Every structure is written in C-alpha cells, then in structure tokens.
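Here is what each chain is made of, one letter per residue.
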Amino acid sequence: MDRLWISLLLLAAACRGQPCPKRCMCQSLSPSLAILCSKTGLLFVPAAIDRRTVELRLQENFITAVRRKDFANMTSLLHLTLSRNTISQILPSAFSDLRRLRALHLDSNRLTVIKVGLTNLRHLILANNQLHSISPHAFDDFLSTLEDLDLSYNNLAEVPWDTIGRLTNVNTLNMDHNLIENVPQGVFTNLHKLARLDMTSNKLKKIPPDPLFLRIPVYAKSKGSPLSSLVLSFGGNPLHCNCELLWLRRLTREDDLETCASPPDLSAKYFWTIPEEEFICDPPVLTRKSPHTVAMEGQPASLKCKANGDPEPEVHWISPEGRLISNSSRTLVFPNGSLEINVTSLKDSGNFTCIASNAAGESTGRVELVVTAMPHLANSTSRSRDPSSEPAPSDILTSSKVALPNNETRGADRRVSLVELTGNSALIRWTSQTPTSGVRMFQVQYNSSGDDTLVYRMIPSSSNDFLVRDLAAGRSYDLCVLAVFDDVVTSLTATRPLGCLSFTTDTEFSQCQALHSHFLGGTMIIIIGGIIVASVLVFIIILMIRYKVYSHHGAGHGKAAIAATAPRPQSNGQGGTHRFLFSALANYEVSFFKNWKMRHAAERLKERLKH
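Residues numbered from 1 in each chain as written. Predicted model: local features only at pLDDT ≥ 70, side-chain atom pairs only at ≥ 80, totals over all residues. Heavy atoms only, no water.

(A) Broad picture of the overall build of the chain. Across its full length, the chain holds seven helices and 31 strands. Counting all 611 residues of the chain, 40% fall into the buried class. Counting only contacts in the chain whose residues sit at least 6 apart along the sequence, the fraction spanning at least 24 positions is 55%. Carbon and sulfur atoms provide 56% of the accessible area of the chain, an area that totals close to 34000 Å². (Helix = DSSP H or I, 4+ residues; strand = E, 2+ residues; numbered from the N terminus. Buried < 20%, exposed > 50% of the residue type's maximum accessible area, 1.4 Å probe, protein only. Contact = heavy atoms within 4.5 Å. Areas by Shrake-Rupley, 256 points an atom, 1.4 Å probe, with all protein chains shown as cover.)

(B) Structural detail: the state of the cysteines. One pass over the full model with this rule turns up six disulfides. Disulfide pairing is shown between C305 and C354; the S-S distance is 1.7 Å. Looking along the S-S bond of the C305-C354 disulfide, the torsion reads about -70°, which is the left-handed sense. With C305 in strand β18 (residues 305-310) and C354 in strand β22 (residues 350-358), this residue pair connects regions lying 49 residues apart in the sequence. C354 shares its class with C305; the two are buried. The disulfide bridge from C480 ends at C500, spanning 1.8 Å between sulfur atoms. (Disulfide = S-S within 2.5 Å.)

(C) Inspection of the pattern of salt bridges at higher detail. In the structure shown here, the tally under the stated rule is 12 salt bridges. For the salt bridge of R84 with E60, the shortest nitrogen-to-oxygen distance reads 3.6 Å. Residue R84 is found in the loop between β5 (79-81) and β6 (89-90), and its partner E60 is found in the loop between β3 (55-57) and β4 (65-66); the two are separated by 24 residues along the sequence. The exposure class of E60 is partly exposed, given its relative accessible area of 30%. Close ionic contact of D140 with R166 constitutes a salt bridge, the shortest N to O distance being 3.8 Å. Placement of D140 in the loop between β8 (123-125) and β9 (148-150) and of R166 in the loop between α2 (161-164) and β10 (172-174) is noted, with a sequence separation of 26 residues between them. One network of salt bridges, in which partners are shared, links K39, E60 and R84. (Salt bridge = Lys/Arg side-chain N within 4 Å of Asp/Glu carboxyl O.)

(D) How the structure looks around the packing of aromatic side chains. With the rule as written, the count across this model stands at eight aromatic pairs. Taking 5.3 Å as the distance between ring centres and 70° as the angle between the ring planes, the aromatic pair formed by F271 and F279 counts as edge-to-face. Like F271, the residue F279 is buried in the burial classification. When the ring of Y477 is compared with that of F503, the centres are 5.7 Å apart and the planes differ by 20°; the resulting orientation is stacked. Of this pair, Y477 sits in strand β30 (residues 476-486) while F503 sits in strand β31 (residues 493-504), placing them 26 residues apart in sequence. Looking at Y477, the relative accessible area reads 6%, which means it is buried. Every member of this aromatic cluster is reached through a ring pair, and the members are F271, W272 and F279. (Phe/Tyr/Trp six-rings, centres within 6.5 Å; stacked < 30°, edge-to-face > 60°.)

Written out as structure tokens, the structure reads:
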C-alpha cells in the first residue's frame, strides 16, 4: 500500500513538472497519460505536450498541417485522433517517432494523398477525405498488422488491389461511397480474417465471385444463428443483373439492399425479388468480320472481327498454325476485336480464326489472308529507267498518319543519308549492320507535312539505295528505312529500323515566275513594235493617194486656189510654177499631219520635190 502511494505521488509530481496544454484536459491514470484537446480552437498541435502521453485526442479543431516536430520523441503514444480538422498536408517523417502507435484517426480532413510510414499500426481511419489515389506502397509498412481500414467517402476510382489482397490480418474493410468501377477476381481470397466488406455506393456493374464469399451467413430453415460471420454490402451500385451475378442472388443475407440498374427490363427492381431464371446472358453473335484479305509480303494487314452479346464478348485470334495470337512487336490485338499485323510474311497465308466468348458461350469465324510474294525485280535508282517499270504493288498507302519508328535517332543516325534532292524526287542511301543474307527486303516509309498518308515502298535486299519519285515541290518529308528479316528465335518475320531522316524538296515557283516575266516582256515589245510599223505603212499609203489626187485633178481648181492664196513667184517659166505648186502642197501636208513620224516623212518628200 505504501508503494502504491509513493507511485501516485511520483506520478503527480511528474505531471506537475509538465503542465497540461492550455484549454486541454489531462488525465493521469497510472500507468497511462491521456490528453484531450477536442473543440479547443487549435490552429496547430500544441508544443507543451508531455512526450510520455499514451493517448492524444485533437479532433474538431482547425489544424491544417502535421509537422515533424509535432510528435517528436512521443515513443509511448498508442492512440492518436486528428479527426474533423482541416489537415491537407502531412510532412515527411511526421510520424517517424510513433513506433508504438496502434490507432490513427485522420477522417474528415482534406487529404488528397496518404503516406504514414508506421510499422505497428492496427487501425487506420481515412474516411471522408479527398483521396483520389493511393500509392501501391502506401500500406507496405503495416501490411501484416492492420486490422481495420476505412477508405469510405473519398474520390477513389482505383485502389491498389495488390496491396489490399495482402492485408492478411484485416478484419473490417470499408471502401463505400467512392468511384470504384471494377473489382479484380480473387482479390479477397487470402483475407481469411475479413468479417465485413462494405462497397456500397460505388460504380460497380458486376462483382466477380470469390472463394471468400462462400463464408456468407447461411441460415437454417428454422431460426438460428448464422454459420459464418462475413458480411457483404454492395447496395447503391449500378449492378448489371445477368448470369454473372447469379452467385450473389443465391446467397441468403441480412443486408440485402441491392437493386438492378440494367438490363432495361430489370431496371430499378429489388435484387432479391427477381427470379433466378431472369438472370440471363446472351451468347456472342458475330456481326462483322473482314472479307477475303490480300497483302504483299512485308506489308501490314488488318483483320476485323466484331461480336455482340451480354456480357460484352472478348475476342481472341488463332493463327493458321493453331497458335493463340498475343500482343507483340509484330501483332496487336485490340479490345474491339481488330488484329493488326505490322509486317506480314508468307507463313501468314491461311485462315485466321476469330473467337468471341463470354459467360454464355462463344462464337467463331474465319478470315482468310493471302500474302503474295514480293516481286524479285529490283527497283533501280537509275534516273534513266522508265518509272512505269517499278513494281506498283509494292506501294501501299495508309489512311492515317503513323508515327515513324526510331524518331529519336533522326539527325544522329547516319546509316540513312540523302544523296540527291530535287523538287520532285530524293535519292536516299543506307547501310545495314544486319548481314545481307538474313534480310528478306528493305522497307521505306515516308509521309509529308501536308498529307496524313504514310507511303510504303518495298526494296529488294540486294539494293542499298532508292529514288523516291513523285514528291511535291517545297514540302517537308519524314522518311525511315527498315530491314525485314526472319527472327530465328520465334520463326516469325520481324523488322529492325535502320534510321530516319527529314528533308524538304526544292521549290520551283521562282523559276516559273522568272519565265513568266520574260515571256510577258517580250510579248509587249512585239506588240508595240507591230503597232508602230503598221502606223508608218498607213501613213505612206495615205500620202501616196493624196499625191496622185493632186497630180491629176488639181491642175485647174487646185492651181487657181493655190495661186489666189499664194504670192506670185519671182522666177520665169513653167518649171518655176510647178516647183512652187509642189512646194505649197508639201507645206500643206506638213501642217495637216500632227504625228511626228508623219511630219518627218513629209519633210523628206519636200526635199525630194525641191531637187
């Protein structure tokens, strides 16, 4: 008894040495110390907290961040409550000294990401935050110790399912009121201690069966207790009620609140009132597949297969050799059922089988692919060769612009070089590190900045250059060269990029413009010269006509008129009279014509008459 009193006195003395934070309440119940600071208007974690505190409650305050110094050296803390604050940030190593912490309540805050770094945590409450994603390694430190995990009322569309599947000690798992759309099959198989799984009010359309769900409570016909303790909650999800949910319909449960969102004839019906025979699926029906398809060796080929059904069928392809085709560098299988073969080989000729399957069955269809061998004629780069002799089938156009391979080597990889460039052609040359004997052919791919069409040219393996024709002047082009060879490991046709380059063809606009200018100038000179010559000829003709008229008909009236208006000549004889007449006529003509060239001609005629 004396020892007990001594212990209490020592504890009281210790408490008096470390004062209780202002507006908080401290409880010293040996051997633990609890500090209660709820609803005290705190803006941050108080500094005057006894480092030996075992339980600390700071809920319903205005704390915005958790700092490193807030919980430093609090190695005895077991229970920490930070609920209903405004915490949006937890700084790194904020909880690093809380090595014995068992329960952490961070619900009703503003957290968007979480990383706590605690090794012995058993209860983690993160409900009602703003979490949109969780790191796959966020819970690694306490995977084997965590018993309760609450992620409800957040914005989670995806959760780290691999991590969830390793919480082997978890008892309660709440992920309700989020945006989760899919649950992987078998993710809960190893959670043998799970007693409650709550996934209400998410976006789940289907729920895959899991061996764990066989522990759902089963009630006997007479009243009695359940034989198992697992409780499932899937209400508030847009469930698609078909045969895939028949397993859930056959369970007997207490909290059966599910309803159907689809198909239309079952929409809004209470899940457990629908007879089992109405949970049906429709087997796949092929609605579209490619017709007979022909491709040249080394060129791409596309095979289509479309199927409808309930649930949505998955499409698989079987090669002519009977192998299941998977995604690789040569083949791609898309979710819509399309099969893309990037580089075809002669071994691909045959019937490809399309298999569409779902929970109700499967449907198959065949698509024949014929691969023609590449012509053996070399596509010479000689410019004297007739372009019509080039094998046209080796040029294939793709309707969409495809990213050229190995773009990162453009400009640095000199294995592909530009030898000669004109306005409508480009001579390229390449060197291959692959032995020539192993290369079946070379493939040249190019497209331009003004066209989305990717052009393929197939070149025999004996060539190492190629003249690209029919290019547009003044346009930029991207070009790559690939080697097509047989892979000795997979026995399939594969490709290897040799290199890429970019170039711009020469423009011909300036030459055409100069030619047009010269042509226009010469034409104008010819036209003006013709007009001048024609004017001179007309003037001469008119002058000659006038001269004859005055010679034959102007002897009487003309001479009298001239004599009346002109002064009498000083010289004697008939010759002087004629010279005077002709001189007057010439003066008259000079004054009549205004054009300088005509006046010049008149002056010359006057001089002739004088002599």
